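# Structural description and commentary
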Amino acid sequence: MNRLHPRTRLLWIARALITAAVLSGVALAARLTVAPPWVPAWTPAAVFVALATLGVASAVLRYRVWRYEVREDSLYLERGVLTRVRTVVPFVRVQHVDTSRSPTERAVGLASTVVYTAGSRGADVSVPGLALDDADDLRERLKRLAIRSEGEDAV
């Protein structure tokens, strides 16, 4: 089973800290504008500490669990902290494969490989946190395997 790039953990931790900072800023703004007497002055700091702790713990646990594997006839993904999700994407169901890079991923030199499958709305899976070369290699490998499986299953 393949693991995600170690910088992925740092990216997810940074996102959690930014989210905690923004929400504690909202709590501070609410405290300053509404100023209810029953809300203590340390509430925004408590919001930051609580959300940052939960976010960092979630990011670390999420990174530990996330795995993927390219099998003979499918892509296998395993992820999830509270709810473990195991996904098998048969190559015969693959429509197309993309490599995407969000601004935060570009900043740390990472990319995601997105596999679009035949099916209902939202029928796609993503392998995040790959080095750019690894994401491109995975995209090309999945593309070749999907094309090969289509030829084998053609009527």
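Here we summarise the structure given alongside this text. No experiment lies behind these values; they were computed from the predicted model shown. (Residues numbered from 1 in each chain as written. Predicted model: local features only at pLDDT ≥ 70, side-chain atom pairs only at ≥ 80, totals over all residues. Heavy atoms only, no water.)

### Examining the overall build of the protein chain
Filter applied, for reference: Only runs of H or I of at least four residues qualify as helices and only runs of E of at least two qualify as strands under DSSP, and these elements are numbered from the N terminus. C-alpha atoms define the radius of gyration, and 2.2 Å times the number of residues to the power 0.38 defines the globule rule. In what follows, residue pairs with any heavy atoms lying within 4.5 Å of each other are defined as contacts. Shrake-Rupley sampling with a 1.4 Å probe provides the accessible areas, and residues are treated as covered by the protein chains on show and by no other component. Charge counting treats Lys and Arg as positive and Asp and Glu as negative, with His and both chain ends excluded. A charge is said to be at NZ when it belongs to Lys, at CZ for Arg, at CG for Asp and at CD for Glu.
Of regular secondary structure, the protein chain possesses 4 helices and 6 strands. Mapped in sequence order, the helices and strands of the protein chain form the string α-α-β-β-β-β-α-β-β-α. The C-alpha radius of gyration of the protein chain comes to 20 Å, more than 25% above the 15 Å expected for a compact globule of 155 residues. In terms of overall dimensions, the protein chain has a C-alpha envelope of 75 × 30 × 25 Å along the principal axes. Sequence separation of at least 24 residues holds for 49% of the intrachain contacts in the protein chain that already meet a minimum separation of 6. When the accessible area of the protein chain is evaluated, it comes to approximately 9500 Å², of which 58% is carbon and sulfur surface. Positive and negative charge centroids in the protein chain, built from 21 and 15 side chains respectively, lie 11 Å apart.

### Re the sheet that holds strand 2 (residues 74-79)
Formally: Any two strands with at least two DSSP bridges between them are considered paired. Axis definition: a line fitted to C-alpha atoms, over the contacting stretch in the case of helices. Angles run 0 to 180 degrees between N-to-C directions.
Strand order in the open sheet made by the 3 strands is 1-2-3, with antiparallel pairing throughout. Single-partner strands in this sheet number two, and they are strand 1 (67-70) and strand 3 (85-90). The sheet shows a mean angle of 10° between the axes of neighbouring strands, direction not considered. One ladder, built from 4 bridges, connects strand 1 with strand 2; its direction is antiparallel. Residue pairing in the sheet places Arg67 in a bridge with Glu78 of strand 2.

### Overview of the environment of Arg86
In plain terms, the rule: Any pair of nitrogen or oxygen atoms within 3.5 Å is treated as a polar contact; in protein, a donor-acceptor pairing is required on top of that, and neighbouring residues in sequence qualify only through side-chain atoms on both sides.
Of note, Arg86 is situated in strand 3. Arg86 sits 48 residues away from Trp38 along the chain, and the two C-alpha atoms are 46 Å apart. Residues contacting Arg86, with those up to four places away along its chain left out, are Tyr76, Leu77 and Glu78. Reaching out from Arg86, the side chain makes a polar contact with the side chain of Tyr76 at a distance of 3.5 Å.

### Some details on the sheet that holds strand 4 (residues 94-100)
Ordered by their spatial adjacency, 3 strands build an open sheet running 4-5-6, and the pairing between neighbours is antiparallel. Edge positions in the open sheet fall to strand 4 and strand 6 (124-131), since each of these has one partner strand only. Taken over all neighbouring pairs, the strand axes of this sheet differ in orientation by 15° on average, direction set aside.

### As for the packing of helix 1 (residues 6-34) against helix 2 (residues 43-65)
The condition is simple: Any angle that falls under 35 degrees is termed roughly parallel, while one over 145 is termed roughly antiparallel, one within 65 to 115 roughly perpendicular, and all others oblique. When the near helix sits turned anticlockwise from the far one by under a right angle, the crossing is termed left-handed; a clockwise turn instead gives a right-handed crossing. Under the convention adopted here, Pro, Cys and the residues Ala, Val, Leu, Ile, Met, Phe, Trp and Tyr are nonpolar, Asp, Glu, Lys and Arg are charged, and Gly plus all remaining residues are polar.
Where helix 1 contacts helix 2, the two axes come as close as 8 Å, and the packing angle between them is 160°. Of the possible angle classes, the one that applies to helix 1 and helix 2 is roughly antiparallel. Here helix 1 runs over helix 2; the crossing is right-handed. Here the contact of helix 1 with helix 2 is built from residues that sort into 19 nonpolar, 3 polar and 2 charged.

### Some points on the packing of aromatic side chains
Rules: Between the rings of Phe, Tyr and Trp (Trp by its six-membered ring), a pair exists once the centres lie within 6.5 Å; its type follows the angle of the planes, with under 30 degrees stacked, over 60 edge-to-face, and the other angles tilted. Charge-over-ring contacts are defined here by two conditions on Lys NZ or Arg CZ: a distance within 6 Å of the ring centre and an angle within 35 degrees of the ring normal.
Scanning all chains against the criterion turns up 0 aromatic pairs. The aromatic ring of Trp12 is capped on one face by Arg62, whose charged end is 3.7 Å from the ring centroid. Against the face of Tyr76 rests Arg71, its NZ or CZ located 4.0 Å from the ring centre.

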